[in-house]
Amino acid sequence: MVAADDEVPPDVRTFVVERDLAGLAVAFRGAQIDLRLVGIETTLGVESAAALADAWGLAPTAVVANRPTNRLVIPRERLDVRLPQADENTARLFEQQCHDVLAARVARVGVAGQVRSRLSHGRDEWPSMAQVAADLHVDERTLRRRLAAEGTSFRRLTDDVRHAHALELLGQGAAVAEVARELGYAETATFTRSFTRWEGVPPSRRREQSQRREQSR
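Here is a short report on the structure shown in this document. From a predicted model like this one, the values you see are computed outputs, not experimental measurements.

### Re the pattern of salt bridges
Part 1 of the reasoning: Counted by the stated rule, this structure contains 8 salt bridges.
Part 2 of the reasoning: The residue Arg92 makes a salt bridge to Glu199 at a minimum N-O spacing of 2.7 Å. Placement of the pair is Arg92 in helix α3 (residues 88–106) and Glu199 in helix α9 (residues 188–199), with a sequence separation of 107 residues.
Part 3 of the reasoning: Overall, Arg92 belongs to the partly exposed group, its relative accessible area being 40%.
Part 4 of the reasoning: For Arg206, the salt bridge goes to Glu199, with nearest N and O atoms at 2.8 Å. For the pair formed by Arg206 and Glu199, the shared burial category is buried.
Part 5 of the reasoning: Beyond isolated ion pairs, a larger network of salt bridges with shared partners links Arg92, Glu199 and Arg206.

Structure representation (C-alpha coordinates):
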(Lines give C-alpha, C1' and ligand atoms only; values in the text may rest on other atoms or scores of the structure.)
Protein backbone atom coordinates (compact mmCIF):
# COMPACT_ATOMS: atom_id res chain seq x y z
CA MET A 1 0.00 0.00 0.00
CA VAL A 2 1.71 3.19 -1.22
CA ALA A 3 1.20 6.53 0.56
CA ALA A 4 2.10 8.99 -2.19
CA ASP A 5 3.56 12.32 -1.07
CA ASP A 6 4.41 13.85 -4.47
CA GLU A 7 1.57 16.39 -4.24
CA VAL A 8 2.53 17.57 -0.73
CA PRO A 9 4.55 20.85 -0.73
CA PRO A 10 8.25 20.12 -0.05
CA ASP A 11 8.47 22.50 2.92
CA VAL A 12 5.88 20.52 4.91
CA ARG A 13 6.31 17.08 3.33
CA THR A 14 8.37 15.54 6.15
CA PHE A 15 5.91 16.73 8.78
CA VAL A 16 2.86 15.46 6.84
CA VAL A 17 4.39 12.06 6.08
CA GLU A 18 5.47 11.50 9.67
CA ARG A 19 2.11 12.65 11.05
CA ASP A 20 0.01 10.58 8.64
CA LEU A 21 2.00 7.35 8.83
CA ALA A 22 1.95 7.45 12.62
CA GLY A 23 -1.72 8.49 12.57
CA LEU A 24 -2.61 5.48 10.43
CA ALA A 25 -1.32 3.19 13.17
CA VAL A 26 -3.65 4.83 15.69
CA ALA A 27 -6.59 4.82 13.26
CA PHE A 28 -6.29 1.13 12.37
CA ARG A 29 -5.83 0.20 16.01
CA GLY A 30 -8.90 2.20 17.02
CA ALA A 31 -10.97 0.54 14.28
CA GLN A 32 -9.75 -2.90 15.42
CA ILE A 33 -8.23 -3.61 12.02
CA ASP A 34 -5.19 -5.87 12.12
CA LEU A 35 -3.17 -5.39 8.94
CA ARG A 36 -0.51 -7.93 10.02
CA LEU A 37 1.98 -5.32 8.85
CA VAL A 38 5.18 -6.89 7.57
CA GLY A 39 7.21 -3.71 7.27
CA ILE A 40 7.37 -0.07 6.19
CA GLU A 41 9.47 1.77 3.63
CA THR A 42 9.56 5.51 4.15
CA THR A 43 11.11 8.68 2.74
CA LEU A 44 11.77 9.80 6.32
CA GLY A 45 15.15 9.76 8.01
CA VAL A 46 16.48 7.20 10.48
CA GLU A 47 15.18 8.86 13.65
CA SER A 48 11.67 9.29 12.29
CA ALA A 49 11.72 5.73 10.98
CA ALA A 50 12.50 4.49 14.50
CA ALA A 51 9.53 6.47 15.83
CA LEU A 52 7.28 4.87 13.20
CA ALA A 53 8.45 1.42 14.23
CA ASP A 54 7.45 2.21 17.80
CA ALA A 55 4.03 3.58 16.71
CA TRP A 56 3.25 0.44 14.72
CA GLY A 57 4.76 -1.98 17.24
CA LEU A 58 7.39 -3.20 14.77
CA ALA A 59 11.01 -4.11 15.23
CA PRO A 60 13.30 -1.18 14.26
CA THR A 61 14.70 -3.23 11.38
CA ALA A 62 11.20 -3.57 9.87
CA VAL A 63 11.08 0.14 8.98
CA VAL A 64 13.51 1.13 6.22
CA ALA A 65 14.41 4.84 6.09
CA ASN A 66 15.38 7.11 3.18
CA ARG A 67 13.45 5.19 0.52
CA PRO A 68 12.00 6.81 -2.66
CA THR A 69 8.39 6.19 -1.59
CA ASN A 70 6.30 5.55 1.52
CA ARG A 71 4.94 2.04 1.49
CA LEU A 72 3.18 -0.22 3.97
CA VAL A 73 3.83 -3.90 3.26
CA ILE A 74 0.99 -6.23 4.25
CA PRO A 75 0.09 -9.83 3.32
CA ARG A 76 -2.14 -9.93 0.25
CA GLU A 77 -4.72 -12.13 1.98
CA ARG A 78 -5.45 -9.36 4.51
CA LEU A 79 -7.19 -7.43 1.72
CA ASP A 80 -9.94 -10.05 1.66
CA VAL A 81 -10.64 -9.99 5.40
CA ARG A 82 -14.05 -8.55 6.31
CA LEU A 83 -13.78 -5.40 8.43
CA PRO A 84 -15.17 -5.55 11.99
CA GLN A 85 -17.88 -2.98 11.26
CA ALA A 86 -18.40 -3.70 7.57
CA ASP A 87 -21.50 -2.26 5.91
CA GLU A 88 -22.43 -3.06 2.32
CA ASN A 89 -23.97 0.33 1.58
CA THR A 90 -20.95 2.17 2.94
CA ALA A 91 -18.63 -0.11 0.99
CA ARG A 92 -20.54 0.62 -2.21
CA LEU A 93 -20.30 4.37 -1.53
CA PHE A 94 -16.55 4.13 -0.94
CA GLU A 95 -16.09 2.06 -4.10
CA GLN A 96 -17.92 4.73 -6.08
CA GLN A 97 -15.77 7.47 -4.53
CA CYS A 98 -12.61 5.53 -5.44
CA HIS A 99 -13.95 5.11 -8.96
CA ASP A 100 -14.61 8.85 -9.18
CA VAL A 101 -11.10 9.71 -7.98
CA LEU A 102 -9.53 7.29 -10.44
CA ALA A 103 -11.67 8.58 -13.30
CA ALA A 104 -10.69 12.16 -12.46
CA ARG A 105 -7.00 11.27 -12.56
CA VAL A 106 -7.30 9.36 -15.83
CA ALA A 107 -9.38 12.14 -17.35
CA ARG A 108 -6.59 14.69 -16.95
CA VAL A 109 -4.69 13.36 -19.94
CA GLY A 110 -5.35 12.25 -23.50
CA VAL A 111 -8.06 12.89 -26.06
CA ALA A 112 -10.53 10.90 -23.95
CA GLY A 113 -9.91 13.28 -21.07
CA GLN A 114 -10.59 16.29 -23.27
CA VAL A 115 -13.81 14.75 -24.55
CA ARG A 116 -14.88 13.81 -21.02
CA SER A 117 -14.22 17.37 -19.85
CA ARG A 118 -16.29 18.79 -22.70
CA LEU A 119 -19.17 16.44 -21.87
CA SER A 120 -18.96 17.20 -18.13
CA HIS A 121 -19.33 20.96 -18.44
CA GLY A 122 -21.94 23.24 -19.94
CA ARG A 123 -24.75 20.70 -20.03
CA ASP A 124 -27.44 23.12 -21.25
CA GLU A 125 -27.30 20.94 -24.35
CA TRP A 126 -25.42 17.67 -24.63
CA PRO A 127 -22.92 18.09 -27.49
CA SER A 128 -22.81 15.71 -30.41
CA MET A 129 -19.63 14.03 -31.56
CA ALA A 130 -19.44 16.52 -34.43
CA GLN A 131 -19.61 19.43 -31.99
CA VAL A 132 -16.92 17.99 -29.73
CA ALA A 133 -14.68 17.24 -32.72
CA ALA A 134 -15.09 20.85 -33.87
CA ASP A 135 -14.18 22.10 -30.37
CA LEU A 136 -11.01 19.99 -30.50
CA HIS A 137 -10.25 21.19 -34.05
CA VAL A 138 -10.34 17.72 -35.61
CA ASP A 139 -12.83 15.95 -37.87
CA GLU A 140 -15.09 13.18 -36.57
CA ARG A 141 -13.09 10.41 -38.22
CA THR A 142 -9.87 11.58 -36.56
CA LEU A 143 -11.57 11.88 -33.19
CA ARG A 144 -13.04 8.38 -33.51
CA ARG A 145 -9.63 6.96 -34.43
CA ARG A 146 -7.83 8.68 -31.54
CA LEU A 147 -10.42 7.54 -29.01
CA ALA A 148 -10.15 3.98 -30.33
CA ALA A 149 -6.38 4.16 -29.88
CA GLU A 150 -7.01 5.02 -26.21
CA GLY A 151 -9.36 2.05 -25.86
CA THR A 152 -12.64 3.94 -25.73
CA SER A 153 -15.30 5.60 -27.87
CA PHE A 154 -17.46 8.71 -27.87
CA ARG A 155 -20.51 6.65 -26.93
CA ARG A 156 -18.71 5.00 -24.02
CA LEU A 157 -17.47 8.34 -22.69
CA THR A 158 -20.93 9.83 -22.97
CA ASP A 159 -22.30 6.84 -21.05
CA ASP A 160 -19.65 7.23 -18.34
CA VAL A 161 -20.33 10.94 -17.84
CA ARG A 162 -24.10 10.45 -17.81
CA HIS A 163 -23.77 7.54 -15.39
CA ALA A 164 -21.67 9.55 -12.92
CA HIS A 165 -23.93 12.60 -13.16
CA ALA A 166 -27.06 10.45 -12.73
CA LEU A 167 -25.67 8.97 -9.49
CA GLU A 168 -24.83 12.45 -8.25
CA LEU A 169 -28.30 13.87 -8.99
CA LEU A 170 -30.19 10.87 -7.60
CA GLY A 171 -28.05 11.05 -4.48
CA GLN A 172 -29.22 14.64 -4.07
CA GLY A 173 -32.85 13.52 -4.26
CA ALA A 174 -33.65 14.71 -7.78
CA ALA A 175 -36.73 13.18 -9.42
CA VAL A 176 -36.09 10.53 -12.08
CA ALA A 177 -37.78 12.59 -14.81
CA GLU A 178 -35.67 15.61 -13.84
CA VAL A 179 -32.47 13.57 -14.06
CA ALA A 180 -33.49 12.24 -17.47
CA ARG A 181 -33.97 15.80 -18.79
CA GLU A 182 -30.66 16.95 -17.26
CA LEU A 183 -28.85 14.11 -19.02
CA GLY A 184 -30.37 14.95 -22.39
CA TYR A 185 -32.76 12.00 -22.71
CA ALA A 186 -35.90 12.66 -24.74
CA GLU A 187 -37.87 10.12 -22.69
CA THR A 188 -37.65 9.07 -19.05
CA ALA A 189 -38.12 5.43 -20.08
CA THR A 190 -34.95 5.56 -22.19
CA PHE A 191 -32.97 6.90 -19.24
CA THR A 192 -34.44 4.23 -16.97
CA ARG A 193 -33.26 1.48 -19.34
CA SER A 194 -29.77 3.00 -19.52
CA PHE A 195 -29.49 3.38 -15.75
CA THR A 196 -30.68 -0.18 -15.17
CA ARG A 197 -27.99 -1.37 -17.58
CA TRP A 198 -25.35 0.60 -15.64
CA GLU A 199 -26.38 -0.25 -12.07
CA GLY A 200 -28.58 -3.34 -12.31
CA VAL A 201 -31.46 -1.51 -10.61
CA PRO A 202 -33.83 1.22 -11.87
CA PRO A 203 -33.07 4.86 -10.93
CA SER A 204 -36.13 5.04 -8.67
CA ARG A 205 -34.65 2.26 -6.52
CA ARG A 206 -31.28 4.01 -6.29
CA ARG A 207 -33.03 7.29 -5.34
CA GLU A 208 -34.92 5.52 -2.55
CA GLN A 209 -31.69 3.94 -1.27
CA SER A 210 -29.98 7.34 -1.17
CA GLN A 211 -32.91 8.87 0.70
CA ARG A 212 -32.90 6.07 3.28
CA ARG A 213 -29.17 6.55 3.88
CA GLU A 214 -29.71 10.28 4.42
CA GLN A 215 -32.58 9.67 6.86
CA SER A 216 -30.54 7.15 8.87
CA ARG A 217 -27.68 9.61 9.46
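### Points about the packing of helix α4 (residues 110–120) against helix α7 (residues 154–171)
Part 1 of the reasoning: Between α4 and α7, whose axes approach to 10 Å, the crossing angle comes to 45 degrees. Between α4 and α7, the angle falls in the class oblique. As for how α4 packs across α7, the hand of that crossing is right-handed. Across the interface between the two elements, Ala112, Val115, Arg116, Leu119 and Ser120 from α4 touch Phe154, Leu157, Thr158, Asp160 and Val161 from α7.
Part 2 of the reasoning: Considering only residue class, the contact of α4 with α7 consists of 6 nonpolar, 2 polar and 2 charged.

### A closer look at the environment of Ala177
Part 1 of the reasoning: Along the chain, Ala177 turns up in helix α8 (residues 176–182).
Part 2 of the reasoning: It is 41 Å that separates the C-alpha atoms of Ala177 and Ala31, two residues lying 146 residues apart in sequence.

### Describing the packing of aromatic side chains
Part 1 of the reasoning: This model, assessed by the stated rule, comprises 4 aromatic pairs.
Part 2 of the reasoning: Centre to centre, the rings of Phe28 and Trp56 are 6.3 Å apart; their planes meet at 45 degrees, and the pair counts as tilted. Residue Phe28 is found in helix α1 (residues 10–30), and its partner Trp56 is found in helix α2 (residues 46–56); the two are separated by 28 residues along the sequence.
Part 3 of the reasoning: Owing to a relative accessible area of 14%, Trp56 belongs among the buried residues under this scheme.
Part 4 of the reasoning: When the centroid spacing of 5.6 Å and the interplanar angle of 55 degrees are considered together, the rings of Tyr185 and Phe191 count as tilted.
Part 5 of the reasoning: Following the ring pairs from residue to residue traces out a cluster consisting of Tyr185, Phe191, Phe195 and Trp198.
Part 6 of the reasoning: Directly above the aromatic system of Tyr185 lies the positively charged group of Arg162, at a separation of 4.5 Å from the ring centroid.

### Section: the sheet that holds strand β2 (residues 63–64)
Part 1 of the reasoning: Pairing in this open sheet of 3 strands is mixed, and the strands run β2-β1-β3 from one edge to the other. Two strands close off the open sheet at either side, each with one partner strand: β2 and β3 (71–73).
Part 2 of the reasoning: Across 3 bridges, the pairing between strand β1 (residues 39–41) and β3 is antiparallel. Looking at β3, one finds that Ile40 is bridged to Leu72.

### Re the side chain of Arg162
Part 1 of the reasoning: Relative to the elements of secondary structure, Arg162 occurs in helix α7.
Part 2 of the reasoning: Buried Arg162, no salt bridge; nearest opposite-charge side chain is Asp159, N-O distance 5.4 Å.
Part 3 of the reasoning: Of the polar contacts made by the side chain of Arg162, one reaches the backbone oxygen of Leu183; its length is 2.8 Å.
Part 4 of the reasoning: If we skip the residues at most four places from it in the chain, Arg162 touches Trp126, Leu183, Gly184, Tyr185 and Trp198.

### Some remarks on unusual backbone geometry
Part 1 of the reasoning: Even without glycine at this site, Arg36 takes up a positive phi of about 55 degrees.
Part 2 of the reasoning: One non-glycine residue, Asn66, adopts positive backbone phi at about 60 degrees.
Part 3 of the reasoning: Tracing the backbone shows Asn66 in the loop between β2 and β3.

### Description of the nonpolar core
Part 1 of the reasoning: Within the largest apolar cluster, 26 residues are counted, with the highest numbers of intra-cluster contacts made by Val115, Leu143, Leu147, Val179 and Phe191.
Part 2 of the reasoning: Secondary structure elements with two or more residues in this core: α4, α5 (129–135), α6 (140–149), α7, α8 and α9.
Part 3 of the reasoning: A per-element tally of this core places α7 first, with 7 residues.
Part 4 of the reasoning: Residues contacting Phe191, with those up to four places away along its chain left out, are Ala166, Val176, Val179, Ala180, Leu183, Tyr185, Trp198 and Pro203.

Parameters and conventions
Residues numbered from 1 in each chain as written. Predicted model: local features only at pLDDT ≥ 70, side-chain atom pairs only at ≥ 80, totals over all residues. Heavy atoms only, no water. Salt bridge = Lys/Arg side-chain N within 4 Å of Asp/Glu carboxyl O. Helix = DSSP H or I, 4+ residues; strand = E, 2+ residues; numbered from the N terminus. Buried < 20%, exposed > 50% of the residue type's maximum accessible area, 1.4 Å probe, protein only. Axes fitted to C-alpha atoms, helices over the stretch in contact; angles between N-to-C directions. Parallel < 35°, antiparallel > 145°, perpendicular 65-115°, else oblique. Left-handed = near helix turned anticlockwise from the far one by under 90°. Contact = heavy atoms within 4.5 Å. Nonpolar A, V, L, I, M, F, W, Y, C, P; charged D, E, K, R; others polar. Phe/Tyr/Trp six-rings, centres within 6.5 Å; stacked < 30°, edge-to-face > 60°. Lys NZ or Arg CZ within 6 Å of the ring centre and 35° of its normal. Pairing = 2+ DSSP bridges. Lys, Arg positive; Asp, Glu negative; His and termini not counted. Polar contact = N/O pair within 3.5 Å; in protein donor to acceptor, adjacent residues only side chain to side chain. Core = buried A, V, L, I, M, F, W, Y, C linked by side-chain atoms within 4.5 Å.

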